[in-house]
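# Fold and contact review
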Number of protein chains: 2
Amino acid sequence: MSYEPDWNVLTATCPSRTSLTRIANKWTAMIVIVLGKGRTRFRDLRTSVEGISGKVLTETLRDLERDGLVSRHVFAEVPPRVEYELTDLGRTLHTPLSAIGQWAEAHIAEVLEARERYDCQR
Amino acid sequence: MSYEPDWNVLTATCPSRTSLTRIANKWTAMIVIVLGKGRTRFRDLRTSVEGISGKVLTETLRDLERDGLVSRHVFAEVPPRVEYELTDLGRTLHTPLSAIGQWAEAHIAEVLEARERYDCQR
DNA sequence: CTGAATCCAGTACGATACTG
DNA sequence: CAGTATCGTACTGGATTCAG
């Protein structure tokens, strides 16, 4: 009922394409996967998502907040503490995105074999 | 049974991270979504995935082929005809990736509202 | 600790021209 | 038609520094 067939991610100018661009992204995927475990502070996200820089983490979280997928909770403390959490909308995205992460982990052996086959062959 | 908990996309050096990087990508998502409908020639992919350049389409298809997700079928004709198709492995990825595409289409209204709220508020 | 602001290298991507 | 090659540009993303 809420599905609107007018939206089509394959159409260059469709707004849903901009949304796809944001969520079909490795950083978004990993952040949402971590946030799926519960409310998390900035620092812990930084260490959980290995290799992400502070800049990219901040920017990605801002974008996710703007799109209504993540909520930001600031505590008036010293040192400051900021926690991030999936919104209801964000939670609906958690399942599909963690499916992607699990696919990567479950099928990496086959992918590595395929790469070796491809690379040798030339 | 086939799930290997040693693999973890959150670990920077884990091979599964490289696989995630490839598949958690807008072009990959759209190409796999189109290929899910069946074997497709290069030109038709080019027009189905609106806005993709020939260069990026070629490069992405090569990478997908290398990872064993897509197979390439060349016909010795003039003018040349090349068709692409999901492999068995690629087909296992089609469901999660089209779920992402459908999420983008199904929830774009909420996302747009959230953006408006966020942007006005500052 | 959070995260804004700079600076800069590397990459992604598009446009164009050209080949078989 | 299906590429390849080249080029220029815009964006991604890391490192560093600084402020609250």
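Conventions used here
Residues numbered from 1 in each chain as written. Chains lettered and ligands numbered in written order. Predicted model: local features only at pLDDT ≥ 70, side-chain atom pairs only at ≥ 80, totals over all residues. Heavy atoms only, no water. pLDDT = per-residue confidence, 0-100. Helix = DSSP H or I, 4+ residues; strand = E, 2+ residues; numbered from the N terminus. Near = heavy atom within 4 Å. Polar contact = N/O pair within 3.5 Å; in protein donor to acceptor, adjacent residues only side chain to side chain. Nonpolar A, V, L, I, M, F, W, Y, C, P; charged D, E, K, R; others polar. Buried < 20%, exposed > 50% of the residue type's maximum accessible area, 1.4 Å probe, protein only. Contact = heavy atoms within 4.5 Å. UniProt positions renumbered as here; feature names shortened; annotations may be inferred. Pairing = 2+ DSSP bridges. Axes fitted to C-alpha atoms, helices over the stretch in contact; angles between N-to-C directions. Phe/Tyr/Trp six-rings, centres within 6.5 Å; stacked < 30°, edge-to-face > 60°. Lys NZ or Arg CZ within 6 Å of the ring centre and 35° of its normal.

### Focus: the confidence of the model for chain A
Of the residues in chain A, 96% have a pLDDT of 70 or more, and the chain-wide mean is 95. Taking the mean pLDDT of every element in chain A, the minimum, 95, falls on helix α6 (residues 108-120) of chain A and the maximum, 98, on helix α2 (residues 26-35) of chain A.

### Some details on the protein's contact with DNA strand D
Taken together, the neighbourhood of DNA strand D is formed by 18 residues, with A:Lys55, B:Arg43, B:Arg72, B:Pro80 and B:Tyr84 sitting nearest. Among the atoms of DNA strand D close to the protein, meaning within 4 Å, 69% are from sugar or phosphate groups. A distance of 3.0 Å is found between a sugar or linking oxygen of DNA strand D and a side-chain nitrogen or oxygen belonging to B:Arg41. Within the side chain of B:Tyr84, one N or O atom sits 2.6 Å away from a phosphate oxygen of DNA strand D. Going through the elements one at a time, α2 and α4 (54-66) of chain A together with α3 (42-48), α4 (54-66) and β3 (81-86) of chain B are the ones with two or more residues in the surface near DNA strand D. Top element by residues in the surface near DNA strand D is α4(B). It accounts for three residues. Residues belonging to the surface near DNA strand D are distributed by class as follows: eight nonpolar, three polar and seven charged.

### Points about helix α1 (residues 15-23) of chain B
Here α1(B) has its buried residues at B:Ser16, B:Arg17, B:Ser19, B:Leu20, B:Arg22 and B:Ile23. Next to the buried residues of α1(B) lie α2, α5 (88-106) and α6 of chain A together with α2 (26-35), α4 and α5 (88-120) of chain B.

### Structural notes on the UniProt feature "domain: HTH hxlR-type" (unreviewed entry) in chain A
The UniProt entry lists residues 14-112 of chain A under the feature "domain: HTH hxlR-type" (unreviewed entry), expressed in the numbering used here. Secondary structure across residues 14-112 of chain A comprises 64% helix and 14% strand; the distance between its end C-alpha atoms is 35 Å.

### Considerations on unusual backbone geometry
In this chain, A:Val78 is followed by A:Pro79 through a cis amide linkage whose omega measures 0 degrees. Relative to the assigned elements, A:Pro79 resides in the loop between β2 (70-75) and β3 (81-86).

### Observations concerning the sheet that holds β2(A)
Residues and elements named next belong to chain A. Taken together, three strands build an open sheet; the order of strands is β1-β3-β2 and the sheet is antiparallel. Pairing within the sheet leaves two strands with one partner each, and these edge strands are β1 (40-41) and β2. By the bridge criterion, two bridges tie β1 to β3 in an arrangement that is antiparallel. Bridging across to β3, Thr 40 finds its partner in Tyr 84. Packing of α2 onto the sheet brings it into contact with β1, β2 and β3, and relative to β3 it is tilted by some 95 degrees. Across the sheet, α4 lies against β2 and β3, angled at about 115 degrees from β2, the strand it touches most.

### Considering the packing of aromatic side chains
All chains considered together, the criterion is met by zero aromatic pairs over all chains. Over the ring of A:Phe75 we find A:Arg81, and its NZ or CZ is 3.9 Å from the ring centre.

### Describing the protein's contact with DNA strand C
The immediate surroundings of DNA strand C are formed by 18 residues, with A:Arg43, A:Arg72, A:Pro80, A:Tyr84 and B:Lys55 found nearest. A share of 67% of the atoms of DNA strand C within 4 Å of the protein falls on sugar and phosphate groups. At 2.7 Å, a side-chain N or O of B:Lys55 approaches a base oxygen of DNA strand C. Residue assignment for the surface near DNA strand C shows that the elements contributing at least two residues are α3 (42-48), α4 and β3 of chain A together with α2 and α4 of chain B. With three residues, α4(A) is the largest single contributor of residues to the surface near DNA strand C. Counted by class, the surface near DNA strand C contains eight nonpolar, three polar and seven charged residues.

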